[in-house]
Amino acid sequence: MKFLALLIFLLLVSNSLFSQGNEPSEAYQYKIDLNNVQEDQLLVELTVPTSITDKDLTFKFPKIIPGTYEISDYGQFVSSLKAFDKKGREFGVERIDQNTWKIAGKKIAKITYLIQDSWDAQLREAVFEPSGTNIEALKNYVLSANGCFGFFENKEKLPYVISFDRPANFYATTSLKRIGGDFDTDIFKAQDYHELVDAPVMFCAPDTVNFKLGYGDIQISVYSPNGLVTAKDVAKRVRPMLEAQNQYLGNILPVDRYSFIIYLSPNGYPSGSVGALEHARSSLFCLLEEKPEKISKMIVDIASHEFFHMVTPLYIHSEEIHNFDFVDPKMSKHLWLYEGVIEYMAQHMQAKYDLVSNQDFMVTIRDKVRNSTRFKQGISLTEMSSNCLVEPFAKQYQNIYYKGAIVAMCLDLELLKLSKGKYDIQMLLRDLSGFYGQDTPFKDEELFDKIIEITGFKELKDFFKRYIEGTETPDYNNFVKPFGVEYFPEASINEISPLGGIENGVVKPDSLERFYISNYKKLDKFGKEGIGFQEGDVILKWDGKPFTLSTASAVLFSYMGSVKAGDNLNIVVLRRDKEGLQREVELDIEVVKIPITKKHVFKLMENPTEEQLRMRKRWLDLDK
């Protein structure tokens, strides 16, 4: 009994010491008290690694982080930075720029500063919310490390230990490993700054679902302030997609755990956008709070894209990503691979595993081509990728999700054609993952040659030169006809027009940041007769949601993700009556199909040859 008592005592002491975060002194040791929010700010305390003894240190925050393609300057959300020695004596601190502080002195022991809520910051251009921080005292905290924790210059490779004091009823969702804590404290560890930035944390009252996927653990965590959506709702819709995705990847997930962190806002976001940011073992979603049936397809589409990022750039990436420079970033020219191929696979997988029909997949491809034409032509994918942080390329990088996805489809079809159906883009990514892996980056200039070497298809050199390094638009029929699909530059089809044509330059913003109908003639038949818009109508609400300059994009994105023929659409407009007075008018509409002339139409051939049908099945159907 004495031995047992002694063992229990030692375990308790050990756990007590561990829970206090007594990690090796070479680690950055950060602490945040989430219970103490002052004017939408949190105090951050850093115990400096004892191995850092340099004089006149430089302390930094990132300009940009992986997965984003614009400068965000996360140091702009930091204020009141102070530095102290062990005895509490303060050092002189000089702020050099938005992200850099010079600290005069030696043997710095402690640094403190305040971090601001980036979601609520008054900025001319808001930082994309999934890459920032949200501080709602005692309600919700979304904490991206790049907006909370800094590093000393050239010291990013040291480990980090992060301690959070939190409300006792809160739960932390993150892919970071929890190494200690108690009923109201969590302690996490990251091997370096790169891993820390790659793992956002959300604190709130718990609403989570956990399940196994192959040999991996999946976690879904949802914050829905009005309780419209639960983690079970999301899991019900996402799990079939994840199971299909697991099969698509060969039933072997490249990670042992993955977290979906989902924040739902009732009123949209300052950036006017909704979406997600991928990480190696998690993805952070910022979406509108809608009923599950209204956002389910959008969640599935985004989740399938983000989940595929486990493959690239986690297992297939260039030196620029492997050694990412948070201060002076160098961008890889293979954004077409990291985003374009992933976006194509996210859509292709849903068709192949019957989550969407082949015809719906054709519509998705059509929309990708059509959207790609709205960007500046004559820019190669590689040129745009390597220069995506500077103009005129910065405004073009969104095209990677359209043109990049279409080129990825053409590459998939080319591989299938050259191999007579035996090799495709899925196999290519598996082979590249096996050759490189998580710890071995490729050189930007060598990737195309390596793909040719792995596949044995020298014909790909011409493909890369013309469509990825070059600016040539593929002749789509050359790629799709062998698969029983035909491309038409323009064709008439029966289809819903969910927006009634307002996307065609019909609306303009007024002085109150509302949208009004400024060009009635450009509305289509559904906009004129179905919805019944009139010239000058001010759109106040769309599908029950406020419709303003800051919310319109998110509202329409959410609506478009679920709308179908037969649905009811409610729109509230401000309309002038015969006396010239503005009155609210409620429009209740049934969404119906109408004849529409569309550009860039892909149609499944009604009478394909036997070989075309065989190749179509190989491309779009499961092997049986």
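Residues numbered from 1 in each chain as written. Predicted model: local features only at pLDDT ≥ 70, side-chain atom pairs only at ≥ 80, totals over all residues. Heavy atoms only, no water.

Looking at an unreviewed UniProt entry, one finds the chain named Peptidase M61 and attributed to Aureispira anguillae.

In this section: the packing of helix α4 (residues 292-308) against helix α6 (residues 335-352). Viewed as axis vectors pointing N to C, α4 and α6 meet at an angle of 130°, and their least axial separation amounts to 8 Å. Taken as axis vectors, α4 and α6 run oblique relative to one another. Considering how the two elements wind past one another, α4 and α6 form a crossing that is right-handed. Of the residues in α6, those touching α4 at Val300, Asp301, Ser304, His305 and Phe308 are Glu339, Ile342, Glu343, Met345, Ala346, Gln347, Met349 and Gln350. A class-by-class count of the residues in the contact of α4 with α6 yields six nonpolar, four polar and three charged. (Axes fitted to C-alpha atoms, helices over the stretch in contact; angles between N-to-C directions. Helix = DSSP H or I, 4+ residues; strand = E, 2+ residues; numbered from the N terminus. Parallel < 35°, antiparallel > 145°, perpendicular 65-115°, else oblique. Left-handed = near helix turned anticlockwise from the far one by under 90°. Contact = heavy atoms within 4.5 Å. Nonpolar A, V, L, I, M, F, W, Y, C, P; charged D, E, K, R; others polar.)

With five of six residues buried, strand β14 (residues 185-190) lies mostly within the body of the structure. Bridge count between strand β11 (residues 160-165) and β14: six bridges; the pairing is antiparallel. Its bridge partner lying in β14, tyrosine 160 is registered against alanine 190. Across five bridges, strand β13 (residues 177-182) lies against β14 in antiparallel orientation. Residue glycine 180 lies in a different strand from β14, and its bridge partner there is isoleucine 187. The antiparallel hairpin formed by β13 and β14 contains two residues in its connecting segment. (Buried < 20%, exposed > 50% of the residue type's maximum accessible area, 1.4 Å probe, protein only. Pairing = 2+ DSSP bridges.)

A word on the sheet that holds strand β9 (residues 140-143). Strand order in the open sheet formed by four strands is β8-β9-β15-β12, with antiparallel pairing between adjacent strands. In the strand order of this sheet, the two ends are held by β8 (134-136) and β12 (171-173), each with one partner. On average, each strand axis in the sheet is tilted by 15° relative to the strand beside it, whichever way the strands run. By the bridge criterion, three bridges tie β8 to β9 in an arrangement that is antiparallel. Bridge pairing in β9 places asparagine 134 opposite valine 142.

The next thing to look at is the pairing of strand β17 (residues 216-223). Burial analysis of β17 places seven of its eight residues in the buried class, which makes it a mostly covered element. The pairing of strand β16 (residues 208-213) with β17 spans six bridges and is antiparallel. Bridge pairing in β17 links threonine 208 to serine 221. Here β16 hands over to β17 after two residues, with glycine 214 in that stretch at a positive phi of 60°. As paired elements, β17 and strand β18 (residues 257-265) share seven bridges and run parallel to each other. By the bridge assignment, isoleucine 218 is partnered in β18 with tyrosine 258. Read from β17 through helix α3 (residues 231-248) to β18, the crossover connection turns out left-handed. (Right-handed = clockwise from strand over helix to strand, strands pointing away.)

Our next topic: the sheet that holds strand β6 (residues 100-104). The sheet built from four strands is open, its strands ordered β5-β6-β3-β10 with antiparallel pairing. Of all the strands in the sheet, the pair left with one neighbour each is β5 (92-97) and β10 (151-152). Relative to β6, strand β3 (residues 57-60) runs antiparallel, the two being bridged by four bridges. Its bridge partner lying in β6, threonine 58 is registered against lysine 102.

With that settled, the discussion passes to the UniProt feature "domain: Peptidase M61 N-terminal" (unreviewed entry) in the chain. Under the feature "domain: Peptidase M61 N-terminal" (unreviewed entry), the UniProt entry names residues 29-204. Between the first and last C-alpha atoms of residues 29-204 the distance is 23 Å; the span itself is 3% helix and 45% strand. (UniProt positions renumbered as here; feature names shortened; annotations may be inferred.)

Let us look at the nonpolar core. The biggest cluster of nonpolar side chains holds 141 residues, and the ones touching the most others in it are Ile220, Trp336, Phe533, Trp542, Ile571 and Trp619. It is α6 that provides the largest number of residues to this core, a total of eleven residues. Those residues within four positions of isoleucine 220 in sequence are excluded, and the remaining contacts are Asp207, Thr208, Val209, Phe211, Ala231, Val234, Ala235, Phe260 and Ile262. Membership of the second largest hydrophobic core comes to 54 residues, among which are Leu46, Phe59, Ile111 and Leu196. (Core = buried A, V, L, I, M, F, W, Y, C linked by side-chain atoms within 4.5 Å.)

Given a rise of 1.5 Å per residue, 15 residues ought to cover 21 Å, and the 21 Å separating the end C-alpha atoms of helix α7 (residues 358-372) matches this to within 8%. On its buried side, α7 packs onto α6, α9 (403-418), α13 (476-480), β21 (485-496), β28 (593-604) and α16 (610-620). (Expected span 1.5 Å × (residues − 1).)

Further remarks concern unusual backbone geometry. Backbone torsion omega between threonine 312 and proline 313 reads 15°, so that peptide bond is classified as cis. In this structure, proline 313 sits in the loop between α4 and α5 (319-322). In this structure, proline 392 follows glutamate 391 across a cis peptide bond, with omega equal to 5°. Positive phi, normally seen in glycine, also occurs at leucine 138, with a value near 60°. With respect to the helices and strands, the residue leucine 138 is situated in the loop between β8 and β9. The backbone of glutamate 513 shows a phi angle near 60°, a positive value even though the residue is not glycine. On the secondary structure map, glutamate 513 appears in the loop between β22 (507-509) and β23 (515-517).

Moving on: the side chain of glutamate 495. Relative to the helices and strands, glutamate 495 is located in strand β21. Assessed through its relative accessible area of 14%, glutamate 495 is described here as buried. A polar atom in the side chain of glutamate 495 sits 2.9 Å from the side chain of arginine 366. Once residues lying within four places of it in the same chain are set aside, the contact partners of glutamate 495 are Val363, Arg366, Val592, Lys593, Ile594, Ile596 and Lys598. (Polar contact = N/O pair within 3.5 Å; in protein donor to acceptor, adjacent residues only side chain to side chain.)

Another aspect to go through is the confidence of the model for the chain. Here the chain averages 91 in pLDDT, while 96% of its residues score no lower than 70. Long-range and interchain partners of residues 1-24, a stretch whose pLDDT sits below 50, account for 15 contacts in this model, where long-range means more than four residues apart. (pLDDT = per-residue confidence, 0-100.)

Mapped onto the elements of the fold, phenylalanine 188 is located in strand β14. Separated by 66 residues in the primary sequence, phenylalanine 188 and glutamine 122 place their C-alpha atoms 31 Å from one another. If we ignore the near neighbours within four places in the chain, the residues touching phenylalanine 188 are Tyr160, Val161, Ile162, Phe164, Ala172, Thr174, Leu176, Lys177, Arg178, Ile179 and Phe203.

In this section: the environment of aspartate 33. With respect to the helices and strands, aspartate 33 occurs in strand β1 (residues 28-38). Placed 491 residues apart in sequence, aspartate 33 and aspartate 524 show a C-alpha to C-alpha distance of 55 Å. In contact with aspartate 33, other than residues within four places in its own chain, are Leu42, Leu43 and Asp165. A polar side-chain atom of aspartate 33 sits 2.9 Å from the main-chain amide nitrogen of asparagine 35.

A full pass over the atoms with the stated rule returns 49 aromatic pairs. Taking 5.6 Å as the distance between ring centres and 50° as the angle between the ring planes, the aromatic pair formed by tyrosine 160 and tyrosine 193 counts as tilted. Of the two residues, tyrosine 160 is situated in strand β11 and tyrosine 193 in helix α2 (residues 193-197); the sequence distance between them amounts to 33 residues. The class for tyrosine 160 is buried, based on a relative accessible area of 0%. Looking at lysine 603, its charged tip hangs above the ring of phenylalanine 488, at a distance of 5.6 Å from the centre. (Phe/Tyr/Trp six-rings, centres within 6.5 Å; stacked < 30°, edge-to-face > 60°. Lys NZ or Arg CZ within 6 Å of the ring centre and 35° of its normal.)

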